[in-house]
Amino acid sequence: MPEAAARPVAVVTGASGGIGEATARRLAAEGYDVVLGARRVDRIEAIAADVGGRAIPLDVTDDASVAAFAAEVPVLSVLVNNAGGALGVDPVLEADIDGWRQMYETNVLGTVRVTKALIGALEASGDGLVVTIGSIAGFEIYPGGGGYIAAKHGVSAAMRTMRIELLGRPVRVTELQPGMVETDFSKVRLGDDEKAAAVYRGMTPLIADDVADVVVFVATRPSHVDLDTIVIRPRDQASARDVHRKD
């Protein structure tokens, strides 16, 4: 493995668990100097110590927090925008407006805020890469997911627009859109362990490492190769609503 000073730097947001943690671990194993950002500082400090990375507190919804984080990362090759999440399953006409606002702030504005703060360092590297973890909710719809769907559609629109706006500059943009991945995602969304377990009952979902594998594959392509949009689902899932369950 190269000396630490020579290693390319990768930032992973929402790195305290799930896909973010798995991605940080995989990138570190590939030789990256990984900077982990999240609000759960104790978690990212433990992971950083385990992989030889750096842990920096980060709240993607807060301008000052993002600015302070970016100031600690003057050199950067890869940014993985993973911070986000869903809250509730209320129908559109019964929307929890505060919940919808929080999802938009975290998923859409958080992604834009962090990317905007770090784009200078990415471009200065001469071979920057932005990987944003979206969702199949960024191009599909299903009942009870209006707020999250609207937010992930917003993320996708922002990334596709940015891809055009960065044309001719040395920064690649990839949007990774996973289907069902068994992490704490459903627990946070539903607020109930039993309900969360039921989401994956009778089928084999993806795990965080499956998504991390794809992120590493994207990051290790030649600089002229931009894997623009990637959809990854478990074999048991054909769409947001079509899932094969053994029972």
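Above this text sits the structure in question.
Residues numbered from 1 in each chain as written. Predicted model: local features only at pLDDT ≥ 70, side-chain atom pairs only at ≥ 80, totals over all residues. Heavy atoms only, no water.

Some points on the overall build of the protein
Phase 1 of the analysis: Within the protein one finds eight helices and seven strands.
Phase 2 of the analysis: For 247 residues, the compact-globule estimate of 2.2 N^0.38 gives 18 Å, and the protein sits close to it at 17 Å.
Phase 3 of the analysis: Buried positions account for 48% of the 247 residues belonging to the protein.
Phase 4 of the analysis: For the protein, the accessible area works out to roughly 11700 Å², and carbon and sulfur atoms hold 54% of it.
Phase 5 of the analysis: Side chains of the protein carry 25 positive and 34 negative charges; the gap between the two charge centres is 3 Å. (Helix = DSSP H or I, 4+ residues; strand = E, 2+ residues; numbered from the N terminus. Rg over C-alpha atoms; globule rule 2.2 N^0.38 Å. Buried < 20%, exposed > 50% of the residue type's maximum accessible area, 1.4 Å probe, protein only. Areas by Shrake-Rupley, 256 points an atom, 1.4 Å probe, with all protein chains shown as cover. Lys, Arg positive; Asp, Glu negative; His and termini not counted. Charge placed at Lys NZ, Arg CZ, Asp CG, Glu CD.)

Brief notes about the packing of helix 1 (residues 18-29) against helix 2 (residues 41-51)
Phase 1 of the analysis: One way to put it is that helix 1 packs onto helix 2 with a least axis distance of 10 Å and a crossing angle of 20°. With respect to helix 2, the element helix 1 is oriented roughly parallel. At the point where helix 1 passes helix 2, the crossing takes the right-handed sense. Contacts from Glu21, Arg25 and Ala28 of helix 1 reach helix 2 at Arg43, Ile47, Asp50 and Val51.
Phase 2 of the analysis: Class assignment of the residues belonging to the contact of helix 1 with helix 2 gives a composition of three nonpolar, no polar and four charged. (Axes fitted to C-alpha atoms, helices over the stretch in contact; angles between N-to-C directions. Parallel < 35°, antiparallel > 145°, perpendicular 65-115°, else oblique. Left-handed = near helix turned anticlockwise from the far one by under 90°. Contact = heavy atoms within 4.5 Å. Nonpolar A, V, L, I, M, F, W, Y, C, P; charged D, E, K, R; others polar.)

Some remarks on the environment of Glu30
Phase 1 of the analysis: Inspection of the secondary structure puts Glu30 in the loop between helix 1 and strand 2 (33-38).
Phase 2 of the analysis: The exposure class assigned to Glu30 is partly exposed, which follows from its relative accessible area of 42%.
Phase 3 of the analysis: In this structure the C-alpha to C-alpha distance between Glu30 and Val41, which are 11 residues apart in sequence, comes to 24 Å.
Phase 4 of the analysis: If we skip the residues at most four places from it in the chain, Glu30 touches Val216 and Thr220.

Focus: the pattern of salt bridges
Phase 1 of the analysis: The full count for this structure, using the stated rule, is 13 salt bridges.
Phase 2 of the analysis: Across the pair Arg25 and Glu21 runs a salt bridge whose closest N-O atoms are separated by 3.0 Å. Here Arg25 and its partner Glu21 are both found in helix 1, four residues apart, which amounts to about one turn of the helix.
Phase 3 of the analysis: With a relative accessible area of 31%, Arg25 lands in the partly exposed category.
Phase 4 of the analysis: Judged by relative accessible area, Glu21 falls into the buried class, the value being 16%.
Phase 5 of the analysis: When the shortest N-O distance is used, the salt bridge between Glu140 and Arg233 registers 2.9 Å. With Glu140 in the loop between strand 5 (128-133) and helix 5 (146-165) and Arg233 in the segment after strand 7 (229-232), this pair connects stretches of sequence that are 93 residues apart.
Phase 6 of the analysis: For Glu140, a relative accessible area of 13% puts it in the buried group.
Phase 7 of the analysis: Connected via shared salt-bridge partners are Glu21, Arg25, Arg43 and Asp50. (Salt bridge = Lys/Arg side-chain N within 4 Å of Asp/Glu carboxyl O.)

So, helix 5
Phase 1 of the analysis: Between its first and last C-alpha, helix 5 extends 28 Å over 20 residues, near the 28 Å set by a 1.5 Å rise per residue.
Phase 2 of the analysis: Where helix 5 is buried, its residues contact helix 4 (97-124), strand 5, strand 6 (171-178) and helix 6 (185-190). (Expected span 1.5 Å × (residues − 1).)

Topic: the pairing of strand 6
Phase 1 of the analysis: In terms of burial, strand 6 is largely enclosed, as eight of its eight residues are buried.
Phase 2 of the analysis: Covered by surrounding structure in strand 6 are Val171, Val173, Glu175 and Gln177 together with Arg172, Thr174, Leu176 and Pro178, the residues of both alternating faces.
Phase 3 of the analysis: In this structure, strand 5 lies alongside strand 6, joined through six bridges in parallel fashion. Paired with Val130 across the strands is Val173, a residue of strand 6.
Phase 4 of the analysis: With helix 5 bridging strand 5 and the parallel strand 6, this β-α-β connection has right-handed handedness.
Phase 5 of the analysis: Relative to strand 7, strand 6 is paired through four bridges, and the arrangement is parallel. (Pairing = 2+ DSSP bridges. Right-handed = clockwise from strand over helix to strand, strands pointing away.)

Observations regarding the nonpolar core
Phase 1 of the analysis: Ranked by internal contacts, the top residues of the largest apolar core, which has 34 residues, are Leu27, Val34, Leu36, Val80, Ile133 and Leu176.
Phase 2 of the analysis: Residue assignment for this core shows that the elements contributing at least two residues are strand 1 (9-13), helix 1, strand 2, helix 2, strand 4 (78-81), strand 5, helix 8 (208-219) and strand 7.
Phase 3 of the analysis: The element contributing the most residues to this core is helix 8, with eight residues.
Phase 4 of the analysis: In this view, Leu176 contacts Thr132, Ile133, Gly134, Ser135, Val211, Val214, Val215, Ile230 and Ile232; residues no more than four positions away in its chain are not counted.
Phase 5 of the analysis: Counting 32 residues, the second largest nonpolar core, distinct from the first, contains Val35, Val114, Leu166 and Val173. (Core = buried A, V, L, I, M, F, W, Y, C linked by side-chain atoms within 4.5 Å.)

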